[in-house]
Amino acid sequence: MRKLSRRTLVLSGLAVASATTLPTRSAVAAVPYPFRLGIASGEPAPDSVVLWTRLAPVPLNADGQGGMANADVVVDWQVSTTDRFTTLVAQGSVTARYADAHSVHVVAGGLAPDADYFYRFRAQGHVSPVGRTRTAPAAGTFGRDLVMAFASCAHYESGYYTAYRRMAEDAPGLVLHLGDYIYEDATTAGSIREHAGAETVSLADYRRRYAQYKSDPDLQAAHAAAPWLVVPDDHEVENNFATNTRADSSPALTAAQWTARRTAAYRAYYENMPLRPSAAPSGNSIPLYRRVHWGQLATFHMLDTRQFRSDQACGDGWKVCADADLASRSLTGSAQETWLLNGLAQRSATWDVLGQQVFFARRFDAAGAASMDGWDGYRASRSRIQQGWVQRGVRNPLVLTGDVHRAWANDLKADYANPSSATVGTELVCTSISSGGDGSGSTTIPDVATNPHLRFYSDRRGYTRTTVSRTQVRADFRTVGSVTEHGAAVSTLRSFVILDGQPGLQAV
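Residues numbered from 1 in each chain as written. Predicted model: local features only at pLDDT ≥ 70, side-chain atom pairs only at ≥ 80, totals over all residues. Heavy atoms only, no water.

- As annotated in an unreviewed UniProt entry, the protein carries the name Phosphodiesterase and comes from Phytohabitans houttuyneae.

1. A few points about the overall build of the protein
Phase 1: Tallying secondary structure elements over the protein gives eight helices and 24 strands in all.
Phase 2: C-alpha atoms of the protein, sized along the principal axes, occupy 70 × 55 × 40 Å.
Phase 3: The buried share of the protein, taken over its 508 residues, is 59%.
Phase 4: A separation of at least 24 residues holds for 70% of the contacts in the protein among residues at least 6 apart in sequence.
Phase 5: Taken as a whole, the protein presents about 17,200 Å² of accessible surface, with 52% of it coming from carbon and sulfur.
Phase 6: Taking the average place of the 50 positive charges on the side chains of the protein and the average place of its 47 negative ones, the gap between the two points comes to 6 Å. (Helix = DSSP H or I, 4+ residues; strand = E, 2+ residues; numbered from the N terminus. Buried < 20%, exposed > 50% of the residue type's maximum accessible area, 1.4 Å probe, protein only. Contact = heavy atoms within 4.5 Å. Areas by Shrake-Rupley, 256 points an atom, 1.4 Å probe, with all protein chains shown as cover. Lys, Arg positive; Asp, Glu negative; His and termini not counted. Charge placed at Lys NZ, Arg CZ, Asp CG, Glu CD.)

2. Quick word on helix 5 (residues 217-225)
Phase 1: Burial runs high along helix 5: eight of the nine residues are buried.
Phase 2: Listed as buried for helix 5 are Asp-218, Leu-219, Gln-220, Ala-221, Ala-222, His-223, Ala-224 and Ala-225.
Phase 3: The N-terminus of helix 5 is capped by Asp-216, whose side-chain oxygen sits 2.8 Å from the backbone nitrogen of Asp-218. (Polar contact = N/O pair within 3.5 Å; in protein donor to acceptor, adjacent residues only side chain to side chain.)

3. Points about the sheet that holds strand 19 (residues 423-429)
Phase 1: The strand order across the open sheet built from seven strands is 12-13-15-17-19-18-20, with neighbouring strands paired in mixed fashion. Strands with a single pairing partner mark the edges of an open sheet, and in this sheet they are strand 12 (290-294) and strand 20 (454-458). Taking each pair of neighbouring strands and ignoring which way they run, the sheet shows an average axis angle of 20 degrees.
Phase 2: Sheet topology note: the strand 12/strand 13 (residues 298-302) ladder contains five bridges and is antiparallel. (Pairing = 2+ DSSP bridges. Axes fitted to C-alpha atoms, helices over the stretch in contact; angles between N-to-C directions.)

4. A short note on the pairing of strand 20
Phase 1: Counting buried positions along strand 20 yields four of five residues, so the element is predominantly enclosed.
Phase 2: Note that strand 18 (residues 407-413) and strand 20 share four bridges and pair antiparallel. Opposite Trp-408, over in strand 20, you have Tyr-457 as the bridge partner.

5. Some points on the side chain of Ser-48
Phase 1: Counting through the fold element by element, Ser-48 comes out in the loop between strand 1 (39-42) and strand 2 (49-54).
Phase 2: On the basis of relative accessibility, which here comes to 7%, the residue Ser-48 falls in the buried class.
Phase 3: A polar atom in the side chain of Ser-48 sits 2.9 Å from the side chain of Arg-276.
Phase 4: Sequence-distant contacts of Ser-48, defined by excluding residues within four places in its chain, comprise Glu-43, Val-107, Ala-108, Gly-109, Leu-111, Thr-135 and Arg-276.

6. With respect to unusual backbone geometry
Phase 1: Here the bond from Ser-250 into Pro-251 is cis, since omega is -5 degrees, no more than 30 degrees from zero.
Phase 2: Inspection of the secondary structure puts Pro-251 in the loop between strand 11 (228-230) and helix 6 (255-272).
Phase 3: One non-glycine residue, Arg-347, lies in positive phi territory at about 45 degrees.
Phase 4: Within the secondary structure layout, Arg-347 lies in the loop between helix 7 (334-346) and strand 15 (351-355).

7. A word on the state of the cysteines
Phase 1: For the structure shown, the criterion picks out one disulfide.
Phase 2: The residue that forms a disulfide with Cys-314 is Cys-321, at a sulfur-sulfur distance of 2.0 Å. Looking down the S-S bond of the Cys-314 and Cys-321 bridge, the torsion is 80 degrees, so its handedness is right-handed.
Phase 3: Classification of Cys-321 as buried rests on a relative accessible area of 3%.
Phase 4: Unpaired in this structure, Cys-430 has its nearest cysteine sulfur neighbour in Cys-153, at a distance of 6.8 Å. (Disulfide = S-S within 2.5 Å.)

8. Regarding the UniProt feature "domain: PhoD-like phosphatase metallophosphatase" (unreviewed entry) in the protein
Phase 1: Within this numbering scheme, the UniProt entry marks residues 148-477 as carrying the feature "domain: PhoD-like phosphatase metallophosphatase" (unreviewed entry).
Phase 2: The straight-line gap between the two end C-alpha atoms of residues 148-477 is 12 Å; of that span, 22% is helix and 21% is strand. (UniProt positions renumbered as here; feature names shortened; annotations may be inferred.)

9. Here we look at the packing of helix 4 (residues 203-214) against helix 6
Phase 1: Helix 6 packs onto helix 4 with a crossing angle of 35 degrees between their chain directions and a minimal axis gap of 8 Å. Both helix 4 and helix 6 take part in a crossing whose hand is right-handed. Here helix 4 contributes Leu-203, Tyr-206, Arg-207, Tyr-210 and Lys-214 to the contact with helix 6, which in turn contributes Arg-261, Ala-264, Ala-265, Arg-267, Ala-268, Tyr-269, Glu-271 and Asn-272. (Left-handed = near helix turned anticlockwise from the far one by under 90°.)

10. Focus: the environment of His-155
Phase 1: Inspection of the secondary structure puts His-155 in the loop between strand 9 (146-151) and helix 3 (162-169).
Phase 2: Given the relative accessible area of 10%, His-155 is considered buried.
Phase 3: Residues His-155 and Tyr-183, 28 residues apart in the sequence, show an inter-C-alpha distance of 5.9 Å.
Phase 4: Residues within four places of His-155 in sequence aside, it is in contact with Tyr-161, Tyr-183, Asp-185, His-195, Tyr-213, Ser-434 and Ser-435.

11. A word on helix 4
Think of an α-helix as 3.6 residues a turn; residues three or four steps apart then line up on the same face.
Phase 1: The end-to-end C-alpha distance of helix 4 is 16 Å, a good match for the 16 Å that 12 residues give at a rise of 1.5 Å each.
Phase 2: Taken residue by residue, helix 4 has Tyr-206, Arg-207, Arg-208, Arg-209, Tyr-210, Ala-211, Gln-212, Tyr-213 and Lys-214 as its buried positions.
Phase 3: At its buried positions, helix 4 is contacted by strand 2, helix 5 and helix 6. (Expected span 1.5 Å × (residues − 1).)

12. So, the environment of Arg-363
Phase 1: Here Arg-363 lies in the loop between strand 15 and strand 16 (370-371).
Phase 2: Each C-alpha atom of the pair Arg-363 and Gly-377 lies 11 Å from the other, and the pair is 14 residues apart in sequence.
Phase 3: Every residue in contact with Arg-363, bar those within four places of it in the chain, is listed here: Trp-318, Ala-369, Ala-370, Asp-376, Trp-408, Pro-446, Asp-447, Asn-451 and Leu-454.
Phase 4: Within the structure, Arg-363 has its side chain in polar contact with the side chain of Asp-447 (distance 3.3 Å).

13. Some thoughts on the pattern of salt bridges
Close approach of charged atoms lets side chains of opposite charge pair.
Phase 1: Enumeration over the complete set of coordinates arrives at 32 salt bridges.
Phase 2: With its nearest N and O atoms 2.8 Å apart, the salt bridge here joins Asp-476 to Arg-474.
Phase 3: Among the residues examined, Arg-474 registers a relative accessible area of 30% and is labelled partly exposed.
Phase 4: Among the charged side chains, a network of salt bridges with common partners joins Asp-114, Asp-116, Arg-132, Arg-134 and Arg-144. (Salt bridge = Lys/Arg side-chain N within 4 Å of Asp/Glu carboxyl O.)

What follows is the structure in structure tokens.
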């Protein structure tokens, strides 16, 4: 596996500037360093990638503006084939606006397919850290095998982001983040580390919360290591919300205040993620379900399972609930479901990857109860999608999931009530980066007698690393022993492969 050099991960703008035409920080020492939230890239295409940064010399200011004055700032950017920027392939300037919390989203175009690049920014005389990014292979080509990591659920108060650091050290070519990038709740005294401020409600609250999370050096290292594809889940807004329905009434909000909260949350999400400008929110909604083509190797169908879903059945929670079978219920909404099935029908790549948020396979307990927040609360919706990919002859459907703070690997069955029915797909569930704390270390699969299609379980923190090739996907479940102490080592707890044309898990 190709290793990312230490220089790439820790290179400061000051060190880099000596080899380029960009000025050193000492030239404008009176202006505080504005790149304290790091840099990022995302949304790779064969000829372009999004570059992101946000200026914030004092990240935790309560007004959410990160210590920036009420003025727009010009930000220069560069893309190079080397980490010393001796050969520039793209460059330009963009305006970081006060109204946008001084965030910028640059679409760096004119790049070669399936190629590695380095990028950086300059503003107010300071040079940012250097990030590494990568473009997708050209249409109709496979390109190199893709090392891809996916992760979710990074509650700041629950532990350190060692898993992000270890992910960066794996030097992936792509990172998928499947939601709960931030948590909205207020500070809890006595936590490993504490949130700044009360529960996030206003735009200033959300901006400051992102600034606190993005100040973490391990998270910054993961962003600097590879381009990201991101989708939010619920905690980027409020726990377990469904479209316009809240899970509870805390804090008390009028309907107008709830709409304003969603608007603020999605605006802050866009401001802080390496998304294309086409994903900018409009009002209280944001266009996030999308397809990203990785040549002929893979197609990523990134789903939004919060903005368009029916309300959780039977009052949410873990329930025996006949209403969960109603055909009228949908987790994606009808428009997104049609969009997904039409995209699957294209069969434009060897692997069709669904990047989404909540547990997909059936998981009943012995009494028949299940989580109403996952696909078990929307069983007809799940059946339509599974049957849809079977009817369309999709060769390798692979569902990637976050949300549940534990790692799982599941065979997806044509009929979950019949263990002998055909395996029609595969689900890999990553554990959390930090949510839930250290975990018990258990690998005993819960409810496996009722659900023999559940093949693996781990209650440790970490991420999942996949290596995608023409013939197989290898999944390595990577775990760290502790998140309550910083700097734990990582190890691979278990590996599986999924063979081309053979849905389901094969033990390694």
